Amino acid sequence: PADEVLTLVEGLERSVADELKALRKFFNIQDLLKVSTVDALQTQVDAYKLKSDAGTEVEQLLHFAASTAEKHVAKADPTTAAKLTQNKKMRLGKVEAGLKKGLEDLEQRAQSTSLMNGERLKEMVPGVKAKLLDATKAREEEVGKILSMLRAALEGS
């Protein structure tokens, strides 16, 4: 009986170690999912900042163009007014192109990191959770065996 109890206790020790290992993996995945969510949100913040910065620059350009145009139009100089219009269109085009490139770069970065990582982690959750449940069940079985053996030993004495 002592050898059997020792074997059962060793089995319990392994079951508890397996359960703890599975728990660590499970909680690690949960933490990584949170990090992935934070990364996705940071990507959105970066996109809004790019849009906001571009909007501010557009506002400044329009204000400058309007001020200049008003001065020249007041003098009734159609040639200058045409040049101002052309210059304004060129600068606004550069702002729009810069915003488009920045957003494309941001989207590409997000797709290649946060989003794929998040999806992969979500795929891993069921497997990790199943291992945790298996380890818990194994530990419970080992404890049940030890309790049964101890009860039998106590009844036999």
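Our subject is the structure that appears above.
Because the structure is predicted, anything quoted here is derived from the model rather than measured.

Cut-offs used in this document
- Residues numbered from 1 in each chain as written.
- Predicted model: local features only at pLDDT ≥ 70, side-chain atom pairs only at ≥ 80, totals over all residues.
- Heavy atoms only, no water.
- Helix = DSSP H or I, 4+ residues; strand = E, 2+ residues; numbered from the N terminus.
- Buried < 20%, exposed > 50% of the residue type's maximum accessible area, 1.4 Å probe, protein only.
- Contact = heavy atoms within 4.5 Å.
- Areas by Shrake-Rupley, 256 points an atom, 1.4 Å probe, with all protein chains shown as cover.
- Lys, Arg positive; Asp, Glu negative; His and termini not counted.
- Charge placed at Lys NZ, Arg CZ, Asp CG, Glu CD.
- Salt bridge = Lys/Arg side-chain N within 4 Å of Asp/Glu carboxyl O.
- Phe/Tyr/Trp six-rings, centres within 6.5 Å; stacked < 30°, edge-to-face > 60°.
- Patch = residues over 30% accessible without salt bridge, like charges linked within 9 Å, V, L, I, M, F, W, Y side chains within 5 Å.
- Core = buried A, V, L, I, M, F, W, Y, C linked by side-chain atoms within 4.5 Å.

Draft legend 1. Inspection of the overall build of the chain at higher detail. Across its full length, the chain carries two helices and zero strands. C-alpha atoms of the chain, sized along the principal axes, occupy 115 × 20 × 15 Å. Buried residues in the chain amount to 21% of all 157 residues. Residue pairs in contact within the chain that sit at least 24 positions apart in sequence constitute 92% of those at least 6 positions apart. If you sum the accessible surface of the chain, you get close to 11,600 Å²; carbon and sulfur atoms cover 59% of it. Taken together, the 25 basic and 25 acidic charged side chains of the chain have centroids lying 10 Å from each other.

Draft legend 2. Summary view of the pattern of salt bridges. On inspection of all chains with the given rule, the structure shows six salt bridges. For the salt bridge of glutamate 19 with arginine 139, the shortest nitrogen-to-oxygen distance reads 2.3 Å. With a gap of 120 residues between them, glutamate 19 in helix α1 (residues 2-74) and arginine 139 in helix α2 (residues 78-156) connect regions that are remote in the sequence. The exposure class assigned to glutamate 19 is buried, which follows from its relative accessible area of 12%. Assessed through its relative accessible area of 23%, arginine 139 is described here as partly exposed. Across the salt bridge formed by aspartate 105 and lysine 101, the nearest N and O atoms sit 2.9 Å from each other.

Draft legend 3. Structural context of the environment of leucine 32. Relative to the helices and strands, leucine 32 is located in helix α1. On the basis of relative accessible area, leucine 32 is assigned to the partly exposed category, the value being 34%. Remark: the alpha-carbon pair of leucine 32 and glycine 118, spanning 86 residues in sequence, is separated by 8.0 Å.

Draft legend 4. Quick look at the packing of aromatic side chains. Applying the stated criterion across every chain, the model contains one aromatic pair. Where phenylalanine 26 meets phenylalanine 27, the ring centres are 5.5 Å apart and the plane angle is 70°; that geometry is what we call edge-to-face. Residue phenylalanine 27 is classed as partly exposed on the basis of its relative accessible area, which comes to 47%.

Draft legend 5. Broad picture of a positive patch on the surface. Residues Lys21, Arg24, Lys25 and Lys131 make up a contiguous surface patch of positive charge. Per-element tally for the positive patch: the top contributor is α1, with three residues. For lysine 25, a relative accessible area of 40% puts it in the partly exposed group.

Draft legend 6. View of the side chain of threonine 43. Note that threonine 43 resides in helix α1. Sequence-distant contacts of threonine 43, defined by excluding residues within four places in its chain, comprise Leu106 and Ala110.

Draft legend 7. Seen up close, the environment of alanine 66. Among the secondary structure elements, alanine 66 is positioned in helix α1. Each C-alpha atom, one on alanine 66 and one on threonine 85, is 9.6 Å from the other, the two residues being 19 residues apart in sequence.

Draft legend 8. Expanded view of the nonpolar core. Counting residues in each nonpolar core, the largest one holds nine residues, listed as Ala22, Phe26, Ile29, Leu33, Leu121, Val125, Val128, Leu132 and Ala135. When residues of this core are traced back to their parent elements, those giving at least two are α1 and α2. Setting aside residues up to four positions removed in sequence, valine 128 forms contacts with Ala22, Lys25, Phe26 and Ile29.

Draft legend 9. Structural context of unusual backbone geometry. Its identity is not glycine, yet alanine 76 carries a phi of approximately 60°, on the positive side. Structurally, alanine 76 can be placed in the loop between α1 and α2.

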